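Now for the letters of each chain:
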Amino acid sequence: MTLLTRGAGAARYSAHVPTTLLEKALIGSSSAVRALADPRQARLVGVVGETTGGAALHRLHRRMERHPVGRTVLQDRPLITSETLHAETLRAMPAGSFGAEYGAFLARHSFDPDERTAVHFVDDPELAYVMTRYRQVHDLWHVLYGLPPTFAGEVALKWLEAAQTG
């Protein structure tokens with residue numbers, strides 16, 4: 001048995017890596033140090049959120065459950081992928097529309113919605129979906145607020161996300 005499988009139970013969804021609280025603390029702190037050394041490593045920032053953001057995910061989930069649109073999102077579990085949101089569809093949208101601006105943002109920065117890292121360390125499958133959705137709408141927030149995907153833009157966006165999601 002290794003440290004990452006001892007006593008953490010079975011996987012609860014396809015990408016889940018069962019971990020104990022101690023393992024989450026070690027993984028989260030290690031990822032935080034490495035992310036500070038290289039903030040461009042979005043995967044590491046995501047791992048920090050997964051291993052330390054349990055309370056925030058619970059609050060966000062409760063807010064979603066209390067709102068009719070949030071309940072629908074939780075029920076239907078839509079995903080933002082290249083299959084559900086085609087680049088050519090975005091390019092065909094009227095100039096200045098949110099869809100056209102989102103498509104231009106993706107193209108300008110060579111982003112692909114399929115490149116978001118899967119959630120691994122959130123134990124509850126429902127909360128794992130909330131984390132997935134949070135990640136998938138991240139670039140939509142960039143477009144909405146006109147923030148570039150730079151260090152300063154990401155920090156500003158994290159503050160805005162915290163204010164909006166509780």
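Residues numbered from 1 in each chain as written. Predicted model: local features only at pLDDT ≥ 70, side-chain atom pairs only at ≥ 80, totals over all residues. Heavy atoms only, no water.

Right, let's get into the overall build of the chain. The helix and strand inventory of the chain stands at nine helices and zero strands. Tracing the chain from N to C terminus, the helices and strands come up as α-α-α-α-α-α-α-α-α. For the chain, whose C-alpha radius of gyration is 17 Å, the value lies close to the compact-globule estimate of 15 Å for 166 residues. Seen through its C-alpha atoms, the chain measures out along the principal axes to roughly 55 × 40 × 30 Å. Sorting the 166 residues of the chain into buried and exposed places 35% on the buried side. (Helix = DSSP H or I, 4+ residues; strand = E, 2+ residues; numbered from the N terminus. Rg over C-alpha atoms; globule rule 2.2 N^0.38 Å. Buried < 20%, exposed > 50% of the residue type's maximum accessible area, 1.4 Å probe, protein only.)

This part covers the pattern of salt bridges. Evaluated as defined, the whole model comprises five salt bridges. With a shortest N-O distance of 3.1 Å, D123 and K24 are connected by a salt bridge. Of the two residues, D123 is situated in the loop between helix 6 (98–108) and helix 7 (125–136) and K24 in helix 1 (residues 21–37); the sequence distance between them amounts to 99 residues. Take K24: its relative accessible area is 9%, and that puts it in the buried class. (Salt bridge = Lys/Arg side-chain N within 4 Å of Asp/Glu carboxyl O.)

This next bit is on the nonpolar core. Counting 14 residues, the largest nonpolar core has Y13, L57, M64, V119, V122 and V130 as its most contacted members. In terms of residues, this core owes the most to one element, helix 7, which gives five residues. Of all hydrophobic cores here, the second largest spans 11 residues; its members include Y102, F105, V143 and L157. (Core = buried A, V, L, I, M, F, W, Y, C linked by side-chain atoms within 4.5 Å.)

Once that is clear, we can look at the packing of aromatic side chains. Throughout the structure, instances matching the rule amount to two aromatic pairs. Considering the side-chain rings of F105 and F111, the 5.7 Å spacing of their centres and the 65° angle between planes classify their relative orientation as edge-to-face. Taking relative accessible area as the criterion, F105 reaches 3% and is therefore assigned buried. What makes F111 partly exposed here is its relative accessible area of 32%. With centroids separated by 5.8 Å and ring planes inclined at 10°, the aromatic side chains of W141 and Y145 adopt a geometry described as stacked. Of this pair, W141 and Y145 both sit in helix 8 (residues 138–145), separated by four residues, roughly a single helical turn. A relative accessible area of 18% means that W141 is categorised as buried. Taking relative accessible area as the criterion, Y145 reaches 34% and is therefore assigned partly exposed. (Phe/Tyr/Trp six-rings, centres within 6.5 Å; stacked < 30°, edge-to-face > 60°.)

What follows is about the packing of helix 6 against helix 8. Interaxial distance between helix 6 and helix 8 falls to 10 Å at its minimum, and their mutual angle equals 110°. The orientation of helix 6 relative to helix 8 falls into the category roughly perpendicular. Where helix 6 crosses over helix 8, the two elements pack in a sense that is right-handed. Contacts between helix 6 and helix 8 involve F98, E101, Y102, F105 and L106 from the first element and D139, L140, H142, V143 and L144 from the second. Its residues assigned to classes, the contact of helix 6 with helix 8 comprises seven nonpolar, one polar and two charged. (Axes fitted to C-alpha atoms, helices over the stretch in contact; angles between N-to-C directions. Parallel < 35°, antiparallel > 145°, perpendicular 65-115°, else oblique. Left-handed = near helix turned anticlockwise from the far one by under 90°. Contact = heavy atoms within 4.5 Å. Nonpolar A, V, L, I, M, F, W, Y, C, P; charged D, E, K, R; others polar.)

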